[in-house]
Amino acid sequence: MVLPSKKARKHLSADGLFERIRSGFDQIPDLRSGQPEISLGDALMSALAMFSLKDASLLAFDERRRDPTDNFRTIYGIRRVPCDTQMRALLDPVDPESLRPLFVDVFRCLQRGKVLEDFVFLHGSYLLSLDGTGYFSSSKIQCPSCLVKHHRGGGITYHHQMLGATLVHPDLKQVIPLAPEPIIQQDGSAKNDCERNATRRWLKRFRQEHPHLPVIVVEDALSANAPHLRDLADARMRYIIGVKPGDHAFLFQRLRDADDAGQTQHLTQVDPDTGVVHHFRWHHQVPLNEANLDMLVNVLEYWEIHADGTIQYFSWITDLPLTPDTVFDVMRGGRARWKIENETFNTLKNQGYHLEHNYGHGAQNLSVVLAMLMMLAFLVDQVQQHCCPAFQAARDRYRTKRHLWERIRHLFQAFLFASMTELLMALARGLAPQQPVFGDSS
Ligand SMILES: [Zn+2]
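Model, not experiment: these values are computed from the prediction. Residue numbers restart at each chain and count upward from 1, following the sequence in its written direction. The predicted nature of this model means local features are confined to residues of pLDDT at least 70 and side-chain atom pairs, given and counted, to a pLDDT of 80 or more, with totals for whole chains, interfaces and linings taken over all residues. Neither water nor hydrogens contribute to the side-chain values; these are computed over all heavy atoms in the structure.

### Quick notes on the environment of Phe72
Point 1. Comment: elements are numbered from the N terminus, with helices defined as DSSP H or I runs of at least four residues and strands as E runs of at least two. Mapping Phe72 onto the fold places it in helix H5 (residues 71–76).
Point 2. A sequence separation of 30 residues divides Phe72 from Asp42, and the C-alpha atoms of the two residues are 9.9 Å apart.
Point 3. Contacts between residues were defined by any pair of non-hydrogen atoms, one from each residue, lying within 4.5 Å. Beyond its immediate stretch of four places on either side in the chain, Phe72 contacts Ala49, Leu53, Phe61, Arg64, Gly77, Ile78, Val81 and Phe412.

As structure tokens, then:
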């Protein structure tokens, strides 16, 4: 791991990132006239604090306004915390697009701090996992952004989805989430938005924001289609995408024909420590399907045979060259796709963040704004987990992250701290309330 310089590291602490994010929030135009009682920056920062503290509802967060401490000001830089109704009203009109630069700004900090280098996967490239997920569904609550599903029996379901995008690495549990792309009703369109359109929008924006970042996109088999591969080529991205024999019959028949003709390449490796057998078979320049004979892809099949006889099978298409030296890496990259499901969506839904809770839906953008702010809070947490010694020391004391969040909430409520680093250091040392523990935040 490349250690960031001391100055860069300071910017990557929760406190450094909260400060940057706060100044980013203050750039977002507040369209209200006059001198509002509570600033938009305070409202946005309060929502971020709610997700940072992992409160399960806006009401639970609202209760905090009665806390005797002044930690909202000292830790999050909030002058006035809005009540739950005010927060909904203030955040509803915010354009979700205006939150994208915040993600880019944190990303630049990671680049400058050389933390991003830890995520380099192959030949200087990063693995970027893309996938869609749903986070809201109701038969009654709705907004103009809602996707609408009409059921045969006459019922209607309103729902929200987003395209998530995270940098992943096979050896790292942490992920770096980038700005998600909301899958929402598009202006002037009679049809529902879909993951493919959202992906197309996301790729364009990503390339505007990061013109030179070399990435290898990893996706599931739904993305193994010619229009998407062309979009990836236009965005100058390489790919490793899952394929299934059942869904890609033509491709796999061509592969079998090549194998029968002795044209495929094979490699078998046995792990001396575990006894696991890794078997690879691959072939270059296979047509993707009958309708796209000119779309040629490299195909890698992989069998993992365990000592107890169980076998796992995977297959991918890729535009990376396949050789005995690269197939192991390509396999690991393809399998790292799961990190967007396991380490991102599952964490956000089931490990303390409550992505599927309805914090408020609003009449304009609230649902999307809150989902993006939760992803931003998750990004700050992931950075802490990866490179903040205070967070790591505090985390080591608790069996699960759920316990850690609980303890952070408890301390936040009970004692005054000058910064999140101080709070984390107090947790790491084991806080004895009678003692002065806030002296050293180095
Ligand atoms: Zn909606």
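After presenting the structure, the write-up continues.
### Quick look at the coordination of the zinc ion
Point 1. Only N, O and S atoms count as donors, using a 2.8 Å limit from the metal and a wider 3.2 Å limit for Na, K and Ca, and since water is excluded some coordination spheres may look unfilled. Donor atoms from the polypeptide that bind the zinc ion are Cys143 (SG), Cys146 (SG), His160 (NE2) and His361 (NE2), placed at 2.1 to 2.2 Å.
Point 2. Geometry is assigned from the angles between donors: four donors with all angles from 85 to 135 degrees make a tetrahedral site, four or six donors whose opposite pairs exceed 155 degrees while the rest stay between 65 and 115 make square planar or octahedral sites respectively, and everything else is labelled irregular. Taken together, the four donor atoms coordinating the zinc ion and their angles of 102 to 131° define a geometry best described as tetrahedral.
Point 3. Sequence spacing of the donors to the zinc ion: C-x2-C-x13-H-x200-H. Here Cys143, found in the loop between strand E2 (125–138) and strand E3 (147–150), pairs with His160, found in strand E4 (residues 156–168); they are 17 residues apart in sequence, far enough to count as distant.

### Comments concerning the pattern of salt bridges
Side-chain pairs of opposite charge can arise whenever the charged atoms involved come near each other.
Point 1. In the sections that follow, a salt bridge refers to a side-chain nitrogen of Lys or Arg positioned within 4 Å of a carboxyl oxygen of Asp or Glu. A full pass over the atoms with the stated rule returns 28 salt bridges.
Point 2. Across the salt bridge formed by Glu209 and Arg100, the nearest N and O atoms sit 3.0 Å from each other. Here the residue Glu209 occupies a position in helix H8 (residues 195–209), and Arg100 occupies one in helix H7 (residues 100–112), the gap between them amounting to 109 residues.
Point 3. Under the relative-accessibility criterion, Arg100 is labelled buried at 5%.
Point 4. A single salt-bridge network, built from bridges that share partners, covers Glu97, Arg100, Glu181, Asp193, Arg201, Arg205 and Glu209. Only protein chains enter the accessibility calculation, which uses a 1.4 Å probe; a residue whose area is less than 20% of its type maximum is buried, one above 50% is exposed, and one in between is partly exposed.

### Points about the environment of Phe378
Point 1. Mapped onto the secondary structure, Phe378 falls in helix H13 (residues 366–387).
Point 2. You can call Phe378 buried: its relative accessible area is 0%.
Point 3. For the pair Phe378 and Ile176, spaced 202 residues apart in sequence, the C-alpha separation works out to 9.0 Å.

### Digging into the nonpolar core
Point 1. Core analysis: the largest hydrophobic core is formed by 142 residues, its most contacted members being Phe25, Tyr76, Leu91, Ile317 and Leu373.
Point 2. Of all the elements, H13 adds the most residues to this core, at 16 residues.
Point 3. When neighbours within four sequence positions are excluded, Leu373 is seen to be in contact with Phe25, Leu44, Ala47, Leu48, Phe51, Leu91 and Leu99. Here, nonpolar core means buried Ala, Val, Leu, Ile, Met, Phe, Trp, Tyr and Cys residues that are tied together by side-chain atoms lying within 4.5 Å of each other.

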